[in-house]
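Coordinates in review
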Amino acid sequence: MGDAMVDDEQAMSRAEREVVDLCRELIAIDTSNYGDHSGPGEREAAEYVATKLDEVGVESRIYESHPGRSSVVGRIAGLDPTRPPLLLHGHLDVVPADAADWTHPPFAAEIADGCVWGRGAVDMKDMDAMILAVLRQRMREGRRPPRDIVLAFLADEEAGGTWGAQWLVDQHPELFADCTEAISEVGGFSLTINQDRRLYLIETAEKGIAWLRLTARGKAGHGSMVNDDNAVTELAEAVARLGRHTFPVQLTKAVRELLEEICQEFDIPFDEDDIESVVARLGPIANMIGATLRHSINPTVLNGGYKANVIPGTATAEVDGRFLPGMEEEFFAEIDRLLGPKVTREFIHHLPAVETGFEGGIVTAMTDALQAEDPGARTVPYCMSGGTDAKSFQRLGIRNFGFAPLRLPPELDFAGMFHGVDERVPVESLRFGVRVLDRFIDLS
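Presented here is an overview of the structure given in this document. Note that the coordinates shown come from a computational prediction; the quantities given were computed from them, not determined experimentally.

With that out of the way, let us pick up empty space enclosed by the protein. Summed over the entire model, instances satisfying the criterion amount to four cavities of 30 Å³ or more. Reported here for the largest cavity is a volume of approximately 60 Å³. Lining the largest cavity we find V122, M124, D126, E185, V186, G187, F189, A404, L406, F414 and F418. Its residues assigned to classes, the lining of the largest cavity comprises eight nonpolar, one polar and two charged.

What follows deals with the pairing of strand β9 (residues 197–206). In terms of burial, β9 is a largely internal element, nine of the ten residues being buried. Pairing of strand β8 (residues 189–194) with β9, which is carried by five bridges, proceeds in the antiparallel orientation. Across the sheet, S190 pairs through a bridge with Y200, a residue of β9. In textbook terms, the turn of a hairpin is the stretch between consecutive antiparallel strands, and for β8 and β9 this stretch comprises two residues. With eight bridges connecting them, β9 and strand β17 (residues 377–384) associate as parallel partners. Across the sheet, residue E206 finds its bridge partner in β17, namely M384. With two bridges joining them, β9 and strand β16 (residues 354–355) adopt antiparallel strand pairing. Considered in β16, the bridge of A205 is made with E355.

Turning to the pattern of salt bridges, a few remarks are in order. Throughout the structure, instances matching the rule amount to 33 salt bridges. Note that D438 is salt-bridged to R143, the shortest N-O span being 3.1 Å. Placement of the pair is D438 in helix α13 (residues 427–443) and R143 in the loop between α4 (125–141) and β6 (149–154), with a sequence separation of 295 residues. With a shortest N-O distance of 3.8 Å, R213 and E318 are connected by a salt bridge. Of the two residues, R213 is situated in strand β10 (residues 208–217) and E318 in strand β14 (residues 314–323); the sequence distance between them amounts to 105 residues.

Size it by volume and the largest pocket reaches roughly 960 Å³. Around the largest pocket sit 33 residues that line it, and R322, S385, G386, G387 and H419 are the ones nearest its centre. Elements represented by at least two residues in the lining of the largest pocket include exactly β10, α9 (286–290), β12 (296–304), β14 and β15 (343–351). Looking at the lining of the largest pocket, its residues break down into twelve nonpolar, 13 polar and eight charged.

The rules behind each value
- Residues numbered from 1 in each chain as written.
- Predicted model: local features only at pLDDT ≥ 70, side-chain atom pairs only at ≥ 80, totals over all residues.
- Heavy atoms only, no water.
- 1 Å grid on protein atoms, 1.4 Å probe; cavity = no way out; pocket = protein on both sides within 12 Å on 5 of 7 lines; lining within 4 Å.
- Points joined across faces, edges and corners; volume = space filled by probe spheres on them.
- Nonpolar A, V, L, I, M, F, W, Y, C, P; charged D, E, K, R; others polar.
- Buried < 20%, exposed > 50% of the residue type's maximum accessible area, 1.4 Å probe, protein only.
- Helix = DSSP H or I, 4+ residues; strand = E, 2+ residues; numbered from the N terminus.
- Pairing = 2+ DSSP bridges.
- Salt bridge = Lys/Arg side-chain N within 4 Å of Asp/Glu carboxyl O.

Listed below in structure tokens is the structure:
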């Protein structure tokens, strides 16, 4: 057994051996993003990445949008300078984690049960490590990509990218201006159908984001008096209407294609009137896919008043709205109807929906790279319910895909670990991803 393990280790490429250490070292840098500029570590992580690139001769630059909010951008020359570059991007920040909730400390980057554990293991220091491992090996071996590659390791994605991708696109668009396609997170992972078949979900669309602040104004007064113009009452009723509202199912192109593929794999009819029964077959990722069937709006914050016997003149709330690609106008029309005439809204954060087609040479390259490593692979598009830095890069006309390839154990609740506890990625999945990414670069 020991000799076999040594042989397996020796058969691995250097990138396959290195990716685990890179992932662990990145996780160990606490880059928690609290949304208020207080987060530690983004500068340290950026310097770490820049050093790893410099070690193999890749020149990069650290861009700082605000003290400590650091992103790294570099470029590798390809064989054909006439072709538009491919953008590979990932974010370095993570959401905060409470160590008391975790089986293994979130920033210890321990290996247990065949997995690397820690905050960022799936969102998205796994992909950052895979990109670094692949490109470091290629540079050592002198294997230039077919076309230029632009690399971006970004700050602040977990708070909407204001000080990372958005800032770079606004202030330094020339870094990405000639890129036409990009790959990044939350796609390329497997959904097991049976032992011989896995669907790999490629993200081609994202819902738009509308974080809204709601304000109701009324007549201030003493709490003992009758008041038919109470701001708290008006706001509470509007928030309840939003929170209880269910938008109708509306299938976007990506969602429809995914569900039709699933029906085909399970040999069941595609019934648009009972689409949620199809989604239920998806197991751990059912919640994530189910959230892309319709618009959504969720109340998250309530504020009103300052003393029990004082009726305030204003009350506010915050809500998280997500709208489907191509349907933003109708989404806000329905929100305004539900709010009524006495409650106003303003944006806290507003980012567009993103969508591209599931076709072209880049999709063929993803499919061929996956099938070379997993003959049972079949690629399908899907829409993500959350958002990524793709929202910023699409402003430059770049086609964006989620493609962080991972072959996952069927029992692993991968989707549930995004922003969850006990985040972890299998070691073998990281190594699989390295092999696929390396092939993909050659094919793209």
